[in-house]
Amino acid sequence: MAVIKFDTPIQFIKGVGPKLGERFKDLGLFTVQDLLDWYPRAYEDRRAARSIASLKPDELVSLRAEVVNVKSFMLGRSRRKVYDLTVRDETGKIHCKFFRVPYKGYFERFQPLQKVRVIGKVTHYRGQIEFHHPDVQDDTPDLVVDDDVVIPIYPETEGLTNRQLRKLIGFVLDELKASSRELDPRAKGFVPMDRLPAWLKDKYELVDRFQALEKVHRPPKDATKDFTDLKSPYHRRLIFEEFFWLELWLASRKEGVAREPGLPFEKRTDMVTKLRASLPFELTGAQLRTFEEILKDLTGHTPPHPMHRLVQGDVGSGKTLVALMAALVAIENGYQATLMVPTEILAEQHFRTAEKLLSPLGVQVGLFTGSLKSSERAQAQSLLAQGAIQLAVGTHALIEDAVGFKNLGLVIIDEQHRFGVHQRARLKEKGVSPHFLVMTATPIPRTLAMTVYGDLDVSQIDELPKGRSPIQTRAGYESHRPKMIEFVRTHLNAGRQAYFVYPLVEESEKIDLKNAMTEFETLKKQFPEFELGLLHGRMKPDEKEHVMREFRDGRFQILVATTVIEVGVDVPNANVMVIEHAERFGLSQLHQLRGRVGRGSHKSFCLLMMGHAVSDEARTRLKVMEETTDGFVISERDLEIRGPGEFLGTRQSGLPGFKLANIVRDARILQESRDAALEVFRRDSRLSAAEHKWLRLQLLDKHGPASLAGIG
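Residues numbered from 1 in each chain as written. Predicted model: local features only at pLDDT ≥ 70, side-chain atom pairs only at ≥ 80, totals over all residues. Heavy atoms only, no water.

Quick look at helix H16 (residues 516-526) now. Taken residue by residue, H16 has Ala516, Glu519, Phe520 and Leu523 as its buried positions. All buried residues of H16 lie within an arc of 115° about the axis, which places them on one face of the element. In this structure, the buried side of H16 is in contact with helix H15 (481-493), strand E17 (497-501), strand E18 (532-535) and strand E19 (558-561). (Buried < 20%, exposed > 50% of the residue type's maximum accessible area, 1.4 Å probe, protein only. Helix = DSSP H or I, 4+ residues; strand = E, 2+ residues; numbered from the N terminus. Arc of directions from axis to C-beta. Contact = heavy atoms within 4.5 Å.)

Following this line, the structure appears as structure tokens:
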């Protein structure tokens, strides 16, 4: 048989063959390297098998039991199908619940009195302990291991048992270990098992990569709790490497920006000083600190290179004002600036703010939206091309081919997650290496920002202006509805306005949740003395803009909406928000929605109404909302509760799917890997040294030639 290498196709391994090879391909595993990177998701410690009576919440345990029965039922009004596998031992019974089927035919394999092993985390749910999605395996004599060991548990896959995987991976490890003694590093096609340079492994005390792979797949008999908690030196090595390759790529992009020639800005702040003097309030310390960081980016580098900075700040923290100050620095240096936002109503809002603050300073501000008349659009485009418009505020209309700048020096993008990478790039291309500032009111925890925005410098406006009273938030059940309705009526009678937010546009046969269209009719009957408006994502853009304008102008008192209002118009008079089925939303989304109120001088309230069969996790989320209005605290908790993938949803495409690393659990290792990646470029900015050859090739393999474009 040929020598096994890391790039050997799995189907050519002894005992695999075409059929099993296809099964691996379905999992995205094609080579020996892919197979070894298919890490155990947990470990079963057979040295300490447990009894059901001894179980406690949050423990990861292994126990032997027999099947009592398997059944399915619909959960509450949600009509969600739940599978319940009940098992018992001599000390008691426990339910194993599954909210999704691991694979077709999974439950048909279990019969009453069948002996099984159950491995999973014990969960406390609605007053009792149970398992949610545990690994359940036949308890048959194991030819590979005995009961006095720690067993790796791989993700459950149809047609591929844990025993098969352990045997196959063990065989591959033995073959690689044998062949590595014979392979000559000078031989053609030689690829080292370990691509990290020696100095880096020494500095961060990283074990050899092959040793880490072997121990992770073949746990030592003396494995401690650190091992089963994925905190051993072997796990740390592999986690570090997963983070490191991402951070190296981000550092290469950052290095490329640092080499890119930028526009020369002088430290001219006379207009900023005049603007600050005209304000009826003092800037917060966080605003001043952020502006100084931006000013240093714009003027403090020799030779100059483009600023790439993200400004994070809660709703109402004053990001827009800081952005306008940055625009004034560009304008005073003879350049134009542009501010792009996701909606027309928001563009108009920012345009009015900018015109009010900047026109007294002699700055001409232009508005660019899709609804402009053709004559207005042509005039604005002409003035912009001539350089007469110094600050262009607009929507996607700014990236149209017909829009051109005379001398674009600063690009500002608000609510940047609403725009795709290509849209942002098109706007930036309208200048020659302009400075780039992006803003978001969705605070992202530092650990996550390091992975998603690692190529940007990050500023945080973590302080609200003085005088803003926190929004009072309360969670309630269906039994509290009459009180909620009267509470809203009291504020409407006082001349205020209110939002009612729903998770669905219209009624669904699959999901039993309140929806905006049906409840709009219900609320009209409950509030006959007031005018109501309806807003949802299926409406045309101009219809949505019209409804939001009507609400802002006070034409109606209640806006019934879906989450399209998450980023929307400023309505200072709206001081009450009711969010129905609040348990269905993530913390960050709830916080964004809540930010629609509390924008005026009136005391504001957010009422979180819960549906039926609310999980403990959902109650925890809503309790966080009651306890704090700090967006940064909320984002950290949201990340802890839901994990990075669900936290980001589909909005961000930049976060890779880590196989072993977890940015919450492994935040310290993430920081170390980032430090290491930055140090690589401090030592060798072009990765030209012999010891960094494999780093350069890894970047090329993973990200293509573009990953090396900025570093030569």
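Having seen the structure, we can now continue with the description.
Turning our attention to the packing of aromatic side chains. The final tally for this structure, using the stated rule, is 15 aromatic pairs. Ring centres 5.1 Å apart and planes at 75° place the aromatic pair Phe98 and Phe107 in the edge-to-face group. Across this residue pair, the class does not change: Phe98 and Phe107 are buried. Between Tyr106 and Phe107 the ring centres are 5.1 Å apart and the planes differ by 80°, which places this aromatic pair in the edge-to-face class. In terms of burial, Tyr106 and Phe107 fall into one category: buried. Three or more aromatic residues link up through ring pairs in this structure, and these residues are Tyr83, Phe98, Tyr106, Phe107 and Phe110. The ring of Tyr106 has Arg109 lying over it, and the distance from NZ or CZ to the ring centre is 4.5 Å. A cation sits over an aromatic face here: Arg683 above Trp199, 3.7 Å from the ring centre. (Phe/Tyr/Trp six-rings, centres within 6.5 Å; stacked < 30°, edge-to-face > 60°. Lys NZ or Arg CZ within 6 Å of the ring centre and 35° of its normal.)

As a further point, take the sheet that holds E19. Reading across the sheet, the six strands line up as E16-E21-E20-E17-E19-E18 and stay open at both edges, with parallel pairing between neighbours. Here the strands that pair on one side only, and so sit at the sheet edges, are strand E16 (472-476) and E18. Across the sheet, the axes of successive neighbouring strands diverge by a mean angle of 15°, strand direction being ignored. For E17 and strand E20 (residues 574-580), the ladder comprises five bridges, and the chain directions are parallel. Along E20, the bridge assignment pairs Tyr499 with Met577. (Pairing = 2+ DSSP bridges. Axes fitted to C-alpha atoms, helices over the stretch in contact; angles between N-to-C directions.)

Turning to the environment of Phe487, a few remarks are in order. Mapped onto the elements of the fold, Phe487 is located in helix H15. Judged by its relative accessible area of 29%, Phe487 falls in the partly exposed class. Sequence separation of Phe487 and Val576 is 89 residues, and the distance between their C-alpha atoms is 9.3 Å. For Phe487, the residues in contact, after removing those within four places along its chain, are Val576, Phe605 and Leu607.

Right, let's get into H15. In an α-helix, one full turn covers 3.6 residues, which means residues spaced three or four apart are oriented alike. Look at H15: 18 Å from first C-alpha to last across 13 residues, which is about the 18 Å you get at 1.5 Å a residue. Residues Arg481, Met484, Ile485, Val488, Arg489, His491 and Leu492 constitute the buried set of H15. Around the axis of H15, the buried residues are gathered within 165° of arc, so they sit on the same side. Relative to its buried face, H15 has exposed residues pointing more than 90 degrees away, namely Pro482, Lys483, Thr490 and Asn493. Of the surrounding secondary structure, the elements contacted by the buried residues of H15 are E17, H16, E19, E20 and strand E21 (605-609). Of the residues trailing H15, Gly495 is marked for its positive phi of about 95°. (Expected span 1.5 Å × (residues − 1).)

If you look at the biggest cluster of nonpolar residues, it comprises 84 residues, and the most contacted ones within it are Phe24, Leu200 and Phe244. Looking at this core, the element that brings in the most residues is helix H7 (residues 233-259), giving 12 residues. Beyond its immediate chain neighbours, meaning those up to four positions away, Leu200 contacts Leu206, Phe240, Phe244, Ala676 and Val680. (Core = buried A, V, L, I, M, F, W, Y, C linked by side-chain atoms within 4.5 Å.)

Glancing now at the packing of helix H10 (residues 319-332) against helix H11 (residues 344-358). Following both chains from N to C, one finds H10 and H11 inclined at 55°, their axes separated by 11 Å at the closest point. Classified by the angle between their axes, H10 and H11 sit oblique to one another. You can see that H10 and H11 cross each other, and the crossing is right-handed. Across the interface between the two elements, Thr320, Leu321, Leu324 and Leu328 of H10 pack against His350, Thr353, Ala354, Leu357 and Leu358 of H11. (Parallel < 35°, antiparallel > 145°, perpendicular 65-115°, else oblique. Left-handed = near helix turned anticlockwise from the far one by under 90°.)

Angle between the axes and distance between the axes: these two values describe a pair of packed helices. Orientation of helix H18 (residues 587-594) relative to helix H19 (residues 616-627), taken along the N-to-C sense of each, is 35°, at an axis distance of 10 Å. Our pair here, H18 against H19, has a crossing hand that is right-handed. From H18, Leu587, Leu590, His591 and Arg594 reach across to H19, where they touch Arg621, Leu622, Val624 and Met625. Each residue belonging to the contact of H18 with H19 can be placed in one class, and the counts come to five nonpolar, one polar and two charged. (Nonpolar A, V, L, I, M, F, W, Y, C, P; charged D, E, K, R; others polar.)

Another aspect to go through is the pairing of strand E13 (residues 408-413). Burial of E13 is extensive: six of the six residues sit out of reach of the surface. Sheet topology places E13 next to strand E14 (residues 435-440); four bridges connect them, and they run parallel. The residue of E14 that forms the bridge with Ile413 is Val438.

As summarised here, the arrangement of the seven strands in space is E11-E12-E10-E13-E14-E9-E15, forming an open sheet in which the pairing is parallel. A strand with exactly one partner marks an edge of an open sheet, and here the two such strands are strand E11 (365-368) and strand E15 (457-461). On average, each strand axis in the sheet is tilted by 20° relative to the strand beside it, whichever way the strands run. Summarising the sheet, strand E10 (residues 336-340) and E13 pair through five bridges and their orientation is parallel. From the neighbouring strand, Gln336 faces E13, where its bridge partner is Leu408. The strands touched by H11 within the sheet are E10, E11 and strand E12 (391-394), with E11 carrying the most contacts at an inclination of about 175°.

Another point: the side chain of His217. Along the chain, His217 falls in helix H5 (residues 209-217). By relative accessible area, which is 5% here, His217 ends up buried. A distance of 2.8 Å separates the side chain of His217 from the side chain of Tyr154, its partner in a polar contact. Excluding residues that lie within four positions of it along the chain, His217 makes contacts with Leu35, Leu36, Trp38, Tyr39, Pro40, Pro152, Tyr154, Ile169 and Leu173. (Polar contact = N/O pair within 3.5 Å; in protein donor to acceptor, adjacent residues only side chain to side chain.)

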